[in-house]
Amino acid sequence: MEITLLTIGKTGISYIQEGIAEYCKRLRRYIPYSILELPDPRRGKLSEQEQKEAEADLLLRQITDGDYVVLLDEKGREYTSREFAAWLERLMGSGRKRTLFIVGGPYGFSERIYARGDAQMSLSKMTFNHEMVRLFFTEQVYRGVSILNGLPYHHD
């Protein structure tokens, strides 16, 4: 199963880019993992709703019928690292070709994206900027994979 993190906008902070690159390199040994950064549609003055809809247009063009879509959303389910690893293992065994994890823009998701999502997951009750979420999520995928492969990365 391929895992893709789908995001709006680019990661511009160098230390976050370096961290993401490090965990992507580690992950490549175990699973296909990629990050797809879509252009930020903020051109001119868009209302909050117009921006969410413009982002939805971009996101929906990337989603195929067979994708399992997980929205990274503050209202989503929280997991411990071990619970997330077990959830990933079940997902990998499901026979799905690709799972998309989506980070929305600054105002969250439009109703069209919520309607297309198969699950919602929260990384924390705290709010993080969207660039840090990319690093935290990528590290957690690596942590989950390391748990499943018995690597000495995670400690309880």
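Look up: the structure comes first, before these words.
Residues numbered from 1 in each chain as written. Predicted model: local features only at pLDDT ≥ 70, side-chain atom pairs only at ≥ 80, totals over all residues. Heavy atoms only, no water.

Participant: Break down the packing of helix α3 (residues 81-92) against helix α5 (residues 130-148) for me, citing the residues and quoting the values.
Facilitator: Viewed as axis vectors pointing N to C, α3 and α5 meet at an angle of 75°, and their least axial separation amounts to 8 Å. The orientation of α3 relative to α5 falls into the category roughly perpendicular. Seen from α3, the contacting residues are Ser-81, Arg-82, Phe-84, Ala-85, Leu-88, Glu-89 and Met-92; seen from α5, they are Phe-137, Gln-140, Val-141, Arg-143, Gly-144, Val-145, Ile-147 and Leu-148. Its residues assigned to classes, the contact of α3 with α5 shows nine nonpolar, three polar and three charged. (Axes fitted to C-alpha atoms, helices over the stretch in contact; angles between N-to-C directions. Helix = DSSP H or I, 4+ residues; strand = E, 2+ residues; numbered from the N terminus. Parallel < 35°, antiparallel > 145°, perpendicular 65-115°, else oblique. Contact = heavy atoms within 4.5 Å. Nonpolar A, V, L, I, M, F, W, Y, C, P; charged D, E, K, R; others polar.)

Participant: Any details on the side chain of Arg-98? Residues and values, ideally.
Facilitator: Its location among the elements puts Arg-98 in strand β4 (residues 98-103). Overall, the relative accessible area of 17% leaves Arg-98 in the buried class. A distance of 2.7 Å separates a polar atom in the side chain of Arg-98 from a polar atom in the side chain of Asp-67. For Arg-98, the residues in contact, after removing those within four places along its chain, are Met-1, Glu-2, Thr-4, Gln-62, Ile-63, Thr-64, Gly-66, Asp-67 and Tyr-68. (Buried < 20%, exposed > 50% of the residue type's maximum accessible area, 1.4 Å probe, protein only. Polar contact = N/O pair within 3.5 Å; in protein donor to acceptor, adjacent residues only side chain to side chain.)

Participant: Give a description of empty space enclosed by the protein that names residues and reports values.
Facilitator: If a probe as big as a water molecule is rolled over the atoms, it shows which places are left empty. According to the stated counting rule, one finds one cavity of 30 Å³ or more in the structure shown. Considering each element in turn, the lining of the largest cavity owes the most residues, four residues, to helix α2 (residues 48-62). Grouping the amino acids of the lining of the largest cavity by side-chain chemistry returns five nonpolar, four polar and two charged. (1 Å grid on protein atoms, 1.4 Å probe; cavity = no way out; pocket = protein on both sides within 12 Å on 5 of 7 lines; lining within 4 Å. Points joined across faces, edges and corners; volume = space filled by probe spheres on them.)

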